[in-house]
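# Inside the fold
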Amino acid sequence: MGRGRRVLLSWSSGKDSAWTLHVLRRQGIDVVGLLTTFNAAFDRVAMHAVRSELVAAQAAATGLPLWSVPLPWPCSNSEYERLMSGVLQRAAAARITHVAFGDLFLEDIRDYRVRQLAATGIEPLFPLWCSPKDTPALARAMLDGGLNAVVTCIDPSKLPETFAGRAYDAMLLTDLPADVDPCGERGEFHTFCFAGPMFSHPVAVRVGETVSRDGFCFADVLPGAA
């Protein structure tokens, strides 16, 4: 199935992108790098607020190079698209055939990805794409498959702030309100994946302080064992 494909994986540092890597490798697809955008002002992944050094540690545990894209803050959509156009030109020069995304069911996001790649000769892949009713099973499959993650960011209009910093585990899934997607696909929460079958070894982390900023609640994930 994967013969001839050279795939760059959009890597948020969270559970969905990590599980996407696992799925692609099980399919025999050649993933050649992890693509991550960083807020250059804070040296963290946008939204997830994960430190760049932890993403570098993830990349090392996957055995893949990290394609880092620093974004200015604030960053307009036109500037974002200009910078991403340069990355895609680099990818085409490196004989990348596909960019894979861990998106689940949001049609507008998928359509945007497709438009972004349309003129590049690079095709999009959505290995986890499913119906909203299937995300509970996907969440359980991730956990049953050995994935370990921590919640790094929550939308307090959707979840109590106490969810920030919690382990993404079966208890958390049980505690989620009924209107919150168990994978957080509508932005209810974001995660950092620190262990699982996509890694050669766990990434040692501990949870620091929790802060509220810009309408979200963030748990600061730090390097080092708890």
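Here the structure is a predicted model, which means the values were calculated and not measured.

Definitions and limits used
Residues numbered from 1 in each chain as written. Predicted model: local features only at pLDDT ≥ 70, side-chain atom pairs only at ≥ 80, totals over all residues. Heavy atoms only, no water. Helix = DSSP H or I, 4+ residues; strand = E, 2+ residues; numbered from the N terminus. Rg over C-alpha atoms; globule rule 2.2 N^0.38 Å. Buried < 20%, exposed > 50% of the residue type's maximum accessible area, 1.4 Å probe, protein only. Contact = heavy atoms within 4.5 Å. Areas by Shrake-Rupley, 256 points an atom, 1.4 Å probe, with all protein chains shown as cover. Lys, Arg positive; Asp, Glu negative; His and termini not counted. Charge placed at Lys NZ, Arg CZ, Asp CG, Glu CD. Pairing = 2+ DSSP bridges. Axes fitted to C-alpha atoms, helices over the stretch in contact; angles between N-to-C directions.

With that settled, consider the overall build of the protein. Across its full length, the protein holds 6 helices and 10 strands. Over its C-alpha trace the protein gives a radius of gyration of 17 Å, about what one expects of a compact globule, namely 17 Å for 226 residues. Seen along its three principal axes, the alpha-carbon backbone of the protein occupies a region of about 45 × 40 × 35 Å. A buried classification covers 47% of the 226 residues belonging to the protein. By sequence separation, contacts in the protein at least 24 residues apart represent 69% of the contacts at least 6 residues apart. Carbon and sulfur atoms make up 53% of the accessible area of the protein, which amounts to about 10500 Å² in all. Each charge class in the protein can be summarised by its mean position, and for the 21 positive and 24 negative side chains these summaries are 7 Å apart.

The strand order across the open sheet built from 4 strands is β8-β7-β10-β9, with neighbouring strands paired in antiparallel fashion. At either margin of the open sheet sits one strand with a lone partner, and together these are β8 (189-195) and β9 (205-213). Strand-to-strand, the axes of this sheet are offset by a mean angle of 30°, without reference to chain direction. With 2 bridges joining them, strand β7 (residues 148-154) and strand β10 (residues 216-223) adopt antiparallel strand pairing. Opposite C153, over in β10, you have F218 as the bridge partner. The sheet contacts of helix α2 (residues 52-62) involve β8, β9 and β10, and relative to β10 the element is tilted by about 60°.

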